[in-house]
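The residues making up each chain are set out below.
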Amino acid sequence: MRDVGLAEELAQDALVAALERWPETGIPDKPGAWLMATAKHRAIDLLRRSKRLERKHEQLGRELETQQEIAMSDLDGALDDDIGDDLLRLMFIACHPVLSTEARVALTLRLLGGLTTDEIARAFLVGEATVAQRIVRAKRTLSEARVPFEVPRGDELAARLSSVLEVIYLIFNEGYAATAGDDWMRPALCEDALRLGRILAELAPQEPEVHGLVALMEIQASRSGARTGPAGEPVLLFDQDRARWDRILIRRGLAALGRAEQLGGALGPYALQAAIAACHARARTPDETDWARIAALYDALAQIAPSPVVGLNRAVAVSMAFGPAAGLELVDALTSEPSLRAYHLLPTVRGDLLAKLGRLGEARAEFERAASLTRNARERELLLERAAACVRGAVPD
Amino acid sequence: MRFMVIVPGDKNSEAGLLPPKELFAEMGRYNEELRKAGVLLEADGLQPTSKGAKVKFDGAKRTVIDGPFTEAKELIAGFWIFEVKSKQEAIEWVKRAPFDGGVEIEIRQIFELSDFPPEIQGAREEARR
């Protein structure tokens, strides 16, 4: 099966055939786990109502029933043998590096998440036509590039897998960070990404970073009920009511992290981020947080995936574990970083550490600078309050 | 959305007997399928009620009733927690579980935080302080 269009057709046809057969014969013994796995129930609901199904009914007609029975049992056999493989191939092809990131996301949600183009459009605040066009173009690109419908091997696997993980995490973050789109689509995107991750972990259980990503998503998702207040305002990690964290997801996240660790080798960037998130998840109160471990994990992360933001987080962890002076040293090293020049959290953190060290004059200047950089009105207010507290000589918290 | 799928207890589960080997294996395969589809969040079996207890509330009084419980109809022997797209999907999955003999498996949607009106969520915040 070389062609992605064909693969999609097959999935659709299998679905239609199953829908026609199930009411008569009940669910077959081995219906192919992936049929359910691809979260097609939305599609089923839509299909049930859609004219497409009616047309299919007419097309197939009664005279085709016998043929269909045979075809279906062949399909069942084929699916049960290769289900996992087909699904995995589909994931790899949908996330092929030859495609743009937008195209990968759209194709993954369409082919694997079972979302309609309309749903994808609403989630990403673009027109439905744009999404449909993206998908059509993506399929054309894949066939023009003669991308084989197979799971890559050897050296190629690592690069291709990281592209799959990136797409899944992007979908998750689009749901989690709420940068755009209808609110009601948000949790659904998180759930879609989680489900894709969980399926992938079953299909590629020997890949530590797959478990790492699943762990990261499970733990982040565990906080979603605590991240916003009654009026929809964001609640920061240390102010969150930890009783609202979803224990089931935390337990699953810790288990997935355990699997990544058991596979051996150095932890990859997803597993490291998951390990950091796990430190917070394990702490029943903010005071119980294991900052020394978080600082060590950020050290490791800064080595394999260095970035100024990771550096800043590392500095915060070090200050929490070893005191404000140690943290300030690391922050000072970041002040010349061009990419952080307009990043309000740098002066916020620096101001915080200076205040803790009793250097209130310098702290005040930093808080004021941070206030001038943030785009969030509430945050600006808070920062100016802290600056004012420095003037009064009170150490702000 | 999440659903709890509740398996009722019976004489065997109350006697602490595990299901026969074949059924056990079949159940294992079923769970594996659920996992592969990314549907299964949790699955647990419960020990017989002889190992449990009840606490009865009456005004300020608390009466502890040790197991086993006699009302066999209302006993629970185990549960799954599914994360699925719709009730229909939960039903389709449950239909495929390896049960027989007239047993009825109950499917219940789990409340999520967003199902509660804001004033109740607010009350919880208050209680916390």
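Residues numbered from 1 in each chain as written. Chains lettered and ligands numbered in written order. Predicted model: local features only at pLDDT ≥ 70, side-chain atom pairs only at ≥ 80, totals over all residues.

Looking only at helices and strands, chain B features 4 helices and 6 strands. When the helices and strands of chain B are read in sequence order from the N terminus, they spell out β-α-α-β-β-β-β-α-β-α. The buried share among the 129 residues of chain B stands at 17%. Look at the contacts in chain B between residues 6 or more apart in sequence, and 69% of them connect residues 24 or more apart. (Helix = DSSP H or I, 4+ residues; strand = E, 2+ residues; numbered from the N terminus. Buried ≥ 20, exposed ≤ 12 C-beta atoms within 10 Å, placed from the backbone. Contact = placed C-beta atoms within 7 Å.)

This next bit is on the overall build of chain A. Check the secondary structure of chain A and you find 19 helices and 0 strands. Across the 397 residues of chain A, 40% fall into the buried class.

Attention shifts here to the packing of helix α17 (residues 345-356) of chain A against helix α18 (residues 360-373) of chain A. All names here are of chain A. Axis separation between α17 and α18 bottoms out at 8 Å; the angle between their running directions is 160 degrees. One element, α17, and the other, α18, form an angle in the roughly antiparallel class. Our pair here, α17 against α18, has a crossing hand that is left-handed. Judged by residue contacts, Pro347, Thr348, Arg350, Gly351, Leu354 and Ala355 of α17 engage Leu360, Glu362, Ala363, Glu366, Phe367, Arg369, Ala370 and Leu373 from α18. By residue class, the composition of the contact of α17 with α18 is 8 nonpolar, 2 polar and 4 charged. (Axes fitted to C-alpha atoms, helices over the stretch in contact; angles between N-to-C directions. Parallel < 35°, antiparallel > 145°, perpendicular 65-115°, else oblique. Left-handed = near helix turned anticlockwise from the far one by under 90°. Nonpolar A, V, L, I, M, F, W, Y, C, P; charged D, E, K, R; others polar.)

Residues and elements named next belong to chain A. Per-residue confidence for chain A gives a mean pLDDT of 79; residues scoring 70 or more make up 76%. Considering only residues more than four positions removed or in separate chains, one finds that residues 12-57, a stretch of pLDDT under 50, has 67 contacts. Overall, residues 59-82 carries pLDDT values under 50, and its contacts beyond four positions in sequence, including any with other chains, amount to 13 contacts. (pLDDT = per-residue confidence, 0-100.)

Looking now at α17 of chain A. All names here are of chain A. Under the 1.5 Å per step criterion, the end-to-end length of α17 is 16 Å for 12 residues, consistent within 8% with the ideal 16 Å. Most of α17 sits inside the fold, with 10 of its 12 residues counted as buried. Taken together, the buried positions of α17 are occupied by Leu346, Pro347, Thr348, Val349, Arg350, Gly351, Asp352, Leu353, Leu354 and Ala355. Buried-residue contacts for α17 involve α15 (308-322), α16 (324-334), α18 and α19 (377-392). Phi for Gly358, located one or two positions after α17, is positive at around 80 degrees. (Expected span 1.5 Å × (residues − 1).)

What follows deals with the sheet that holds strand β2 (residues 40-45) of chain B. All names here are of chain B. On the basis of which strands lie adjacent, the open sheet formed by 4 strands has the order β2-β5-β1-β6 and antiparallel pairing. In this open sheet, the two strands that pair with only one neighbour each are β2 and β6 (106-109). For this sheet the average axis-to-axis angle between neighbouring strands, irrespective of direction, equals 15 degrees. Relative to β6, strand β1 (residues 2-8) runs antiparallel, the two being bridged by 4 bridges. Across the sheet, residue Ile6 finds its bridge partner in β6, namely Glu106. (Pairing = 2+ DSSP bridges.)

Residue and element names in this part refer to chain A. Across the interface, α18 lies against α19 with an axial gap of 8 Å and an inter-helix angle of 165 degrees. Compared by their axis directions, α18 and α19 come out roughly antiparallel. For the pair α18 and α19, the crossing hand works out as left-handed. Contacts between α18 and α19 pair Leu360, Ala363, Arg364, Phe367, Glu368, Ala370 and Ala371 from the former with Arg380, Leu383, Leu384, Arg386, Ala387, Cys390 and Val391 from the latter. Grouping the constituent residues of the contact of α18 with α19 by class yields 10 nonpolar, no polar and 4 charged.

Below, the discussion takes up the environment of Glu207 of chain A. Residues and elements named next belong to chain A. Within the secondary structure, Glu207 is located in the loop between α10 (185-203) and α11 (208-222). A residue is classified by how many C-beta atoms lie within 10 Å of it, and Glu207, with 20 of them, is buried. Through-space distance from the C-alpha of Glu207 to that of Leu196 is 15 Å; in sequence the pair is 11 residues apart.

With that settled, the discussion passes to the nonpolar core. In this structure, Met91 and Ala274 of chain A together with Phe82 of chain B are the most contacted members of the largest nonpolar core, which totals 103 residues. At 9 residues, helix α13 (residues 269-282) of chain A tops the list of elements feeding residues into this core. Residue assignment places this core across two domains, with domain 1 (1-153) and domain 2 (342-397) of chain A each supplying three or more. (Core = buried A, V, L, I, M, F, W, Y, C linked by C-beta atoms within 7 Å. Domains from an automatic or database assignment.)

Turning to unusual backbone geometry, a few remarks are in order. The omega angle of the peptide bond from Gly67 of chain B to Pro68 of chain B is 0 degrees, so this bond is cis rather than trans. Among the secondary structure elements, Pro68 of chain B is positioned in the loop between β4 (61-66) and β5 (76-83). Positive phi values are uncommon outside glycine, yet Arg146 of chain A reaches one of about 50 degrees. Of note, Arg146 of chain A is situated in the loop between α8 (128-144) and α9 (154-177). A count of 7 C-beta atoms within 10 Å places Arg146 of chain A in the exposed class.

The subject of this paragraph is the environment of Leu330 of chain A. All names here are of chain A. If you trace the backbone, Leu330 turns up in helix α16. Distance in space between the C-alpha atoms of Leu330 and Arg350 is 9.9 Å, their sequence separation being 20 residues. Those residues in contact with Leu330, other than ones at most four positions away along the chain, are Arg314, Ala315 and Val318.

The next thing to look at is the pairing of β5 of chain B. Residue and element names in this part refer to chain B. Sheet analysis places β1 next to β5, joined by 7 bridges and oriented antiparallel. Residue pairing in the sheet places Arg2 in a bridge with Glu83 of β5. Bridge count between β2 and β5: 5 bridges; the pairing is antiparallel. Paired with Ala43 across the two strands is Trp80, which belongs to β5.

Attention now moves to helix α3 (residues 87-95) of chain B. Residues of α3 of chain B that are buried include every one of Glu89, Ala90 and Trp93 of chain B, and no others. Down the axis of α3 of chain B, the sector holding all buried residues measures 100 degrees, keeping them to one side. (Arc of directions from axis to C-beta.)

Take the confidence of the model for chain B next. Residue and element names in this part refer to chain B. Per-residue confidence for chain B gives a mean pLDDT of 87; residues scoring 70 or more make up 87%. When the elements of chain B are averaged for pLDDT, helix α4 (residues 118-128) gives the smallest value, 60, and β6 the largest, 97. Here the predicted complex carries an ipTM of 0.73, next to a pTM of 0.75.

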